[in-house]
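# Observations on chain architecture
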Amino acid sequence: MRLSVIGCGYLGAVHAAAMASIGHDVVGIDVDTDKVASLAAGRAPFYEPGLQPILEAGLESGRLSFSTDPAQVKGATVHFIGVGTPQRKDGHAADLTYVNAAVDALIPYLAPGDIVAGKSTVPVGTAADLAKRIAPTGATLVWNPEFLREGYAVKDTIEPDRIVIGIEAGSDGERAADLLREVYHTAVATDTPYIVTDLATAELVKVAANAFLATKISFINAMAEIAEVVGADVTDLADAIGHDERIGRKFLGAGVGFGGGCLPKDIRAFSARAEELGRGDSVAFLREVDAINLRRRDRVVDVLAEALGGAVYQKRIAVLGAAFKPLSDDIRDSPALDVAVRLHGFGARVRVTDPQAIDNARRAQPQLEYVADRADAIRDADAVVVVTEWDEYRREMTPAELAELTDGRIIIDGRNCLDAAAWRAAGWTYIGMGRP
Ligand code: UGA
């Protein structure tokens, strides 16, 4: 099938390349000329494992192309909208500028029978408005939320755990939902749950899923706060409650909290939308989820200051990690980078390292010192802080290696990802989050 994808960021670029890899003819459109040039030349513009090979293969096969010219979408049967919906600068609501611009760009080229499939995360009610706007073209709007995780985006796109299609009553949405079965033919062939529902439910499924995940993380971080007072171990607690199938151990990783381009802004946008709908109380708990999450960043700084005798001023601190999570170069709302910025603000001499995210981090926070090699970050540091649980730190880094680089013997495990006993046995002051 011929498809277009509007927006070639973390979501759209992966979607375009993944759809080409399962046999479709795909054109990706973006207004960013550098991004389009990079993709068209076969260079993934961001770090995402598995993207580079499918990008190259797609371009080589001739089935995948990229352009800044929206006219290139002509002839596609399904047009996916995968542009960003960041937090508005003046509040908590989602900024729909890019979604509206994408629809405006598409409208002149839509033909009767075309399908526009929204994938961006939007406030509930957006899809119904967009459906009205495209109706005069004879195209049909459906909402097809995306659940991919950065770091596993290619796999999550080709083998999703569910497909959700929201359609408008009375439209030819049923036909659209059938056509999308053909688009996602590989996942449909393996009996992936295929849920056809209304537009509002499809939009809500996405924000509900992210709100639930954020709540799960803040729940365990709230337990960490209690554990810190009574000397309990939140990691053992998570293991123990996680054995209950109804609870599950996933997303009970306590530490410096969640970040990224999705969870933080999605819970804020959800609260803002609920307020507009007169149901702010229904999701008031999300404000608490946000507050607990942000407190964890302060906590790392406080713990470090205490370990260093009361203040971080003028202390040399190695910050291991800048990305919001491993296997990503994304620093949007990254707890790791935020901790580095806070330490710098308190006058610490911070050196930040990360296997992938240094360039993005430097662009966003140029005042910090960045080093590519973790040894250079750690050398002569008074304390080491792990804030992104890359395998490089979690599995490969040893007390012996660090002992050769510095006389400092303080390690703060902001992700509870290190072997506490091993570090302590080697003479380090190991401090985890919510652990004795
Ligand atoms: C999240 C959702 O997991 C995806 O399903 C969704 O599609 C995506 O947002 C989106 O809306 O596009 P992602 O932002 O890639 O995916 O990252 P997650 O794996 O959810 O991690 C989010 C944050 O939570 C990270 O900072 C991570 O370090 C943190 N986290 C995760 C914890 O602090 N503890 C945990 O136990 C798990």
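Since we're looking at a predicted model, the values are computed, not measured.

In the vicinity of the ligand lie 21 residues, with Leu148, Glu150, Lys206, Asn210 and Gly253 positioned nearest. A distance of 2.7 Å separates an oxygen atom of the ligand from a polar atom in the backbone of leucine 148. Contact with the protein chains removes 89% of the 710 Å² of surface that the ligand exposes when unbound. Counting residues per element, the ones that place at least two in the shell around the ligand are helix H9 (199-230) and helix H11 (263-276). The element best represented in the shell around the ligand is H9, accounting for four residues. Taken together, the residues that form the shell around the ligand break down as ten nonpolar, four polar and seven charged.

So, about the packing of helix H12 (residues 285-307) against helix H13 (residues 335-345). Between H12 and H13, whose axes approach to 10 Å, the crossing angle comes to 45 degrees. Comparing the axis directions of H12 and H13 gives the class oblique. The chirality of how H12 crosses H13 is right-handed. Where H12 approaches H13, its residues Leu294, Arg297, Asp298, Val300, Val301 and Leu304 are matched on the opposing element by Pro335, Asp338, Val339, Arg342 and Leu343. The class makeup of the residues in the contact of H12 with H13 is seven nonpolar, no polar and four charged.

Okay, the domain arrangement of the chain next. Bring the parts together and some accessible area is lost; that lost area is often taken as the interface size. With domains assigned, the chain is organised as domain 1 (2-192), domain 2 (207-287) and domain 3 (291-431). Distance between the C-alpha centres of domain 2 and domain 3: 23 Å. Both sides of the domain 2 and domain 3 interface together cover about 1,600 Å² of buried area, and 45% of this is carbon and sulfur. For the pair domain 2 and domain 3, the interface holds four salt bridges. Counting every contact that joins domain 2 to domain 3 gives twelve residue pairs in polar contact (both at pLDDT 80 or more). Elements supplying a minimum of two residues to the side of domain 2 that touches domain 3: H9, helix H10 (234-242) and H11.

In this fold, lysine 265 is placed in helix H11. The class of lysine 265 is buried, set by a relative accessible area of 13%.

On to the packing of helix H1 (residues 12-21) against helix H3 (residues 51-61), then. One can describe the packing of H1 onto H3 by two numbers: an axis separation of 9 Å at closest approach and a directional angle of 60 degrees. Accordingly, the angle class assigned to the pair H1 and H3 is oblique. Judged by the twist between their axes, the crossing of H1 over H3 is left-handed. Contacts between H1 and H3 involve Ala13, Val14, Ala17, Ala18 and Ser21 on the former and, on the latter, Leu51, Ile54 and Leu55. Counted by class, the contact of H1 with H3 contains seven nonpolar, one polar and no charged residues.

Reading the values: the criteria
- Residues numbered from 1 in each chain as written.
- Predicted model: local features only at pLDDT ≥ 70, side-chain atom pairs only at ≥ 80, totals over all residues.
- Heavy atoms only, no water.
- Near = heavy atom within 4 Å.
- Polar contact = N/O pair within 3.5 Å; in protein donor to acceptor, adjacent residues only side chain to side chain.
- Areas by Shrake-Rupley, 256 points an atom, 1.4 Å probe, with all protein chains shown as cover.
- Helix = DSSP H or I, 4+ residues; strand = E, 2+ residues; numbered from the N terminus.
- Nonpolar A, V, L, I, M, F, W, Y, C, P; charged D, E, K, R; others polar.
- Axes fitted to C-alpha atoms, helices over the stretch in contact; angles between N-to-C directions.
- Parallel < 35°, antiparallel > 145°, perpendicular 65-115°, else oblique.
- Left-handed = near helix turned anticlockwise from the far one by under 90°.
- Contact = heavy atoms within 4.5 Å.
- Domains from an automatic or database assignment.
- Buried area = accessible area lost by both parts, 1.4 Å probe.
- Salt bridge = Lys/Arg side-chain N within 4 Å of Asp/Glu carboxyl O.
- Buried < 20%, exposed > 50% of the residue type's maximum accessible area, 1.4 Å probe, protein only.

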